[in-house]
There are 2 protein chains.
Amino acid sequence: MDLTLTQDGLRAIETLLHDSIDSEVELLNDASRHILSSGGKHLRPHVALLAYLAAGGDDLHEAVSMAAAIEMVHTATLVHDDINDHALLRRGRPSVHARWGRTFALLCGDYMFAKVYELMAPYGPTYNVIMARACTQLVEGETLQAVAAKAGAIDRETYKRIVALKTASLFEGAARMGALLGGGDERTVEALAVYAYNLGIAFQMVDDILDVVGDPAALGKPVGTDLAQGRGAFVAQNGKTILGLQPAADGAAVAEVDEEDPIARMMSKLRSSGAIEAARLQALEMIDRARLALDDVPPSPARDELLSLTNDVLNRDH
Amino acid sequence: MDLTLTQDGLRAIETLLHDSIDSEVELLNDASRHILSSGGKHLRPHVALLAYLAAGGDDLHEAVSMAAAIEMVHTATLVHDDINDHALLRRGRPSVHARWGRTFALLCGDYMFAKVYELMAPYGPTYNVIMARACTQLVEGETLQAVAAKAGAIDRETYKRIVALKTASLFEGAARMGALLGGGDERTVEALAVYAYNLGIAFQMVDDILDVVGDPAALGKPVGTDLAQGRGAFVAQNGKTILGLQPAADGAAVAEVDEEDPIARMMSKLRSSGAIEAARLQALEMIDRARLALDDVPPSPARDELLSLTNDVLNRDH
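In the nomenclature of an unreviewed UniProt entry, chain A is known as Short chain isoprenyl diphosphate synthase of Candidatus Promineifilum breve. According to UniProt, the comment filed for chain A under the heading Cofactor (unreviewed entry) is "Mg(2+)". According to the UniProt record, the Sequence similarities (unreviewed entry) comment for chain A reads "Belongs to the FPP/GGPP synthase family."

This is the structure we're talking about:
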């Protein structure tokens, strides 16, 4: 049966993700399935499938394994991130690190990376080069972020570079592979890649904003952790917060705080300083660029759905 | 210029490994080159190149990128292993973990895994499936080892399963890919795969023996660490050592020790108990199987070199 509906495609991806976890080592199955079944948004594979359809593809089966690989990369990096961030909660459940400990979380992430190879093997050189590039950039972004967090300093340029590498690259890779598989011409492939790149940047900016103003229950994790750990758009530095989205010299971006409970007070100051609104405007600018890119994509229900995703990303609360 | 000599091929691999580390993030270059330039034996890529030649290949350029990918996988797992083992020394130099800390060691390993994709991308599905399988098994072996170490117990079957997964699988994958690239017929490919699998098991057994009887200066790392951490052929358990190579009921394999400085005393007892000789016999048995497999490979200088490698593995001191 041909797969033509995105929802059916997403279900096929979820099934494949679970079926591909088939280790003879039970612990790897348990830990991998724990994080895979924790209700991720599947936004990256969603973009991959829609790009495939928008580029003219008519059987989502062709894209399911690639889109599952994209989600698997993302999930593996979450497991490794939670080690480095000492995160205890992920999507409202104990992180793999919290439940199985560091050693097994590291191996669980490595196992899922190995499964990415398996899922990508059928596609051949062009696609594997795109995937390799996305994975490399993702790790580079995580590394730059850790360097900045350690230095306790981040400026606007560094923040944008980090977001482009650690988040936008995988979105872009998902769309580029989907569009190529769908048989899109060069103009369509590039347009969908530009769309996804900018959507990815906006997605990460909103993520960083939610770390300050989000509802922990909706997010399934505590807020203020990026701030406390020197990550994200708002970085605590010497009792001030620096807004990575704006030059530090901008008055709205810096909030002085007391020594006591500095994170909570910084969050409160950020909320009333206008910094959040400034950040939202930046995210909106990226969303506008994403929408503009869709002008170069032929009209289709999939293109409408890609347009509608931009609203979901901008208005999400988790 | 055609590459026909193994030594030239190994130099080409070393060059490619270094050239492929080209991140815009300096820390990733520094950490990756630190471990890559620390003088590894390059045994796995050596097997890959020889399998290529023994199967009839006549231009090693074809196999260089694959063989480099094999070495890159191995190196990435060393970096991650050293995190989990808290190892401070690797090949006589500080481990990446010791020098850059856990967060960056984890990301450095992930970066090198991403580079494996890039190196393997040109080869297409058949080869990427073999590589994916080898990577998966490697992680499974590491996980089983960590499970056994945590439980403080290992039996002969578990030990052999761990060694097959964590070490022999990558040797086998290297030979299988090399033989296929070299255009070997099915019988030759299988023979070279069986050779490498058994060579890999013997290599790991000798490694575990060297942890007890080796010279730390020659090894570039302390001895007794596997024993202390419940890994390898000899596992400390309740003040006794259990020899993974022999059923625990075998008197020669169990050495009771004092509570004071238990590891040093266990090592001493192991050396005088006959357990080391028993383990060497097991390694020799695997080497014999490797040699036997070469009977199904057409005679050639490369086959002679593969035969000679079996002696190197058995008699190595580091």
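(A) How the structure looks around the overall build of chain A. For chain A, the helix and strand inventory stands at 14 helices and 5 strands. Relative to its full complement of 318 residues, chain A shows a buried share of 60%. Carbon and sulfur atoms provide 51% of the accessible area of chain A, an area that totals close to 12,000 Å².

(B) Highlighting the interface of chain A and chain B. With 41 residues of chain A at the contact, the number on the chain B side is 42 residues. Area buried by chain A at its contact with chain B is led by A:Asn84, A:Arg102 and A:Tyr117, which between them contribute 18% of it. Between A:Arg161 and B:Glu24 there is a salt bridge, and its shortest N-O distance comes to 2.9 Å. The tally of links from chain A across to chain B stands at 13 residue pairs in polar contact (both at pLDDT 80 or more). The dominant element in the side of chain A that touches chain B, judged by the number of residues it contributes, is helix α7 (residues 125-151) of chain A, at 15 residues. For the side of chain A that touches chain B, the residue count by class is 24 nonpolar, 8 polar and 9 charged.

(C) Region of the structure containing the environment of B:Ala51. Looking at where B:Ala51 falls in the secondary structure, it is placed in helix α3 (residues 43-54). Sequence separation between B:Ala51 and B:Ala193 is 142 residues; the distance between their C-alpha atoms is 8.7 Å.

(D) How the structure looks around the packing of helix α9 (residues 186-213) of chain B against helix α13 (residues 275-293) of chain B. All names here are of chain B. For the pair α9 and α13, the least separation of the axes is 8 Å and the interaxial angle reads 160°. Looking at the two axes, α9 sits roughly antiparallel to α13. Of the two possible hands of crossing, α9 and α13 adopt the one that is left-handed. Where α9 abuts α13, its residues Ala 191, Val 194, Tyr 195, Asn 198, Leu 199, Ile 201, Ala 202, Met 205, Val 206, Ile 209, Val 212 and Val 213 lie against Ile 276, Ala 279, Arg 280, Gln 282, Ala 283, Met 286, Ile 287, Arg 289, Ala 290 and Ala 293.

(E) The arrangement of the relation of the copies chain A and chain B in detail. Rotating chain A by 180° and moving it 0.0 Å along the rotation axis overlays it on chain B with an RMSD of 0.0 Å. The operation mapping one copy onto its partner corresponds to a two-fold rotation axis. Closest approach to the rotation axis within chain A is made by the C-alpha atom of A:Gly124, at a distance of 2.4 Å. When the interface residues of chain A are mapped onto chain B, 100% of them are again interface residues, pointing to one common binding face.

The rules behind the values
Residues numbered from 1 in each chain as written. Chains lettered and ligands numbered in written order. Predicted model: local features only at pLDDT ≥ 70, side-chain atom pairs only at ≥ 80, totals over all residues. Heavy atoms only, no water. UniProt positions renumbered as here; feature names shortened; annotations may be inferred. Helix = DSSP H or I, 4+ residues; strand = E, 2+ residues; numbered from the N terminus. Buried < 20%, exposed > 50% of the residue type's maximum accessible area, 1.4 Å probe, protein only. Areas by Shrake-Rupley, 256 points an atom, 1.4 Å probe, with all protein chains shown as cover. Contact = heavy atoms within 4.5 Å. Buried area = accessible area lost by both parts, 1.4 Å probe. Salt bridge = Lys/Arg side-chain N within 4 Å of Asp/Glu carboxyl O. Polar contact = N/O pair within 3.5 Å; in protein donor to acceptor, adjacent residues only side chain to side chain. Nonpolar A, V, L, I, M, F, W, Y, C, P; charged D, E, K, R; others polar. Axes fitted to C-alpha atoms, helices over the stretch in contact; angles between N-to-C directions. Parallel < 35°, antiparallel > 145°, perpendicular 65-115°, else oblique. Left-handed = near helix turned anticlockwise from the far one by under 90°. Least-squares fit on C-alpha atoms with pLDDT ≥ 70 in both.

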